[in-house]
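Here's the letter readout for the chains.
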Amino acid sequence: MIAILSGGVGAARFAAGVTQIMEPSEVTIISNVGDDEVMHGLHISPDIDTVIYTLGNAINPETGWGLKDETWRVMEALGDYGGETWFRLGDKDLATHMFRTHMLASGKSLTKITELIRQRWGVEVNVLPATNDRLRTKLYAEIDGREQELSFQEYFVRHAHEPEIKRIVYENSSSALPTREVTRAIETAELIIVAPSNPLLSIAPILSIAPIAESLKTRRDRIVAISPIIAGAAVKGPAAKLMKELGFMPSALGVAQFYRDFISAIVIDEKDADLKDQISALNIEVLTTNTLMTDPVVSAQLAQQVLKLKKVK
Ligand code: GDP
Ligand code: CA
């Protein structure tokens, strides 16, 4: 079994590559829940859904989130009331959130509900929320001269990740606990891969759960990261900008430094080959290759190289 620490789009693309070369049932995804939010009374788990919809071949390929062949009648009708429509939820997608919310209200865990949702989409990869507890990413920005707290979605969607961020808090991380399933996956995986996801917004919330960070350190030999930063820029989204704002180097070297306590290897893009020596000096093995997953073939090739690096298969 291999485990993947995962955010949304970057992780989903990579996982789609892994499942082309491995039995999906041998793959466990440990998903970020820091982006989760209640909208219109419904519990939304964006990263979990992006991974499930992608692996279920149901993702909207244009946006990388939401379902393909989606309609927007509910959002239109909500707009007619002057309701809040900045966070777009498609008609079919809404059913997922209604199902999840109802199941939560009837006492089921997010882990169990995620299993039911992935089964409905025919996904055999085991998708696990990092925790069943409430963990939320909050960003603090200076807007109009004063500090404002933004929820993840307010920052990412409403403000299009434009505000300069001063600090990030992973709310409730000191009391959140990993699930039994996540602990077991980290302890027993033959290989643990940190997906090319946003280090501060997708991976750090998982690491903010202290027992997870601790057990990852004991598995350092078996942990490989893939850099989401290529040639100093994020493929998509605010990863590089945010790293810079918070004092990290916005490069594959900065990513390696961020993960150095618990990774023994990193895959960086061939465009970043000049960073190899500096990363090796951190006692991290470096593999350079094409990491831009423009199509499923590249994703599968990347996955193959990651497995080979740690002699899995
Ligand atoms: P989100 O939760 O949907 O924002 O997605 P993730 O955190 O999983 O992924 C966002 C990160 O994925 C960004 O920092 C991108 O730079 C990175 N990313 C997206 N596509 C690729 C790719 O093809 N290759 C690499 N190396 N990184 C990618
Ligand atoms: Ca996300």
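For the structure, check the block above.
The structure contained in this document is the topic of the report that follows.

Rules used in this analysis
- Residues numbered from 1 in each chain as written.
- Chains lettered and ligands numbered in written order.
- Predicted model: local features only at pLDDT ≥ 70, side-chain atom pairs only at ≥ 80, totals over all residues.
- Heavy atoms only, no water.
- Near = heavy atom within 4 Å.
- Polar contact = N/O pair within 3.5 Å; in protein donor to acceptor, adjacent residues only side chain to side chain.
- Areas by Shrake-Rupley, 256 points an atom, 1.4 Å probe, with all protein chains shown as cover.
- Helix = DSSP H or I, 4+ residues; strand = E, 2+ residues; numbered from the N terminus.
- Nonpolar A, V, L, I, M, F, W, Y, C, P; charged D, E, K, R; others polar.
- Pairing = 2+ DSSP bridges.
- Axes fitted to C-alpha atoms, helices over the stretch in contact; angles between N-to-C directions.
- Parallel < 35°, antiparallel > 145°, perpendicular 65-115°, else oblique.
- Left-handed = near helix turned anticlockwise from the far one by under 90°.
- Contact = heavy atoms within 4.5 Å.

### Thoughts on the site of ligand 1
At step 1: Around ligand 1, the surrounding shell holds 21 residues, and the nearest of these are S197, S202, V235, T291 and M293.
At step 2: Take V235: an N or O atom from its main chain is 2.7 Å from an oxygen atom of ligand 1.
At step 3: Notes on ligand 1: free accessible area 590 Å², of which the protein chains cover 93%.
At step 4: Ranked by residue count, the leading element in the shell around ligand 1 is helix 1 (residues 9-21), at 4 residues.
At step 5: Partitioned by chemical class, the residues of the shell around ligand 1 number 10 nonpolar, 8 polar and 3 charged.

### With respect to the sheet that holds strand 6 (residues 136-143)
What links the strands of a sheet is backbone hydrogen bonding, and the strands pair in either a parallel or an antiparallel sense.
At step 1: Spatially, 7-6-8 is the arrangement adopted by the 3 strands of the open sheet, whose pairing is antiparallel. Each edge of the sheet is formed by a strand with only one pairing partner; in this case those strands are strand 7 (146-151) and strand 8 (165-171). Adjacent strand axes in the sheet meet at a mean angle of 25°, parallel and antiparallel pairs treated alike.

### A closer look at the packing of helix 2 (residues 46-55) against helix 4 (residues 91-105)
At step 1: The contact between helix 2 and helix 4 brings their axes to 12 Å, and the two run at 125°. Between helix 2 and helix 4, the angle is such that the two are oblique. Read as a crossing pair, helix 2 and helix 4 show a hand that is right-handed. Seen from helix 2, the contacting residues are I48, D49 and Y53; seen from helix 4, they are D93, T96, H97 and R100.
At step 2: Here the contact of helix 2 with helix 4 is built from residues that sort into 2 nonpolar, 2 polar and 3 charged.

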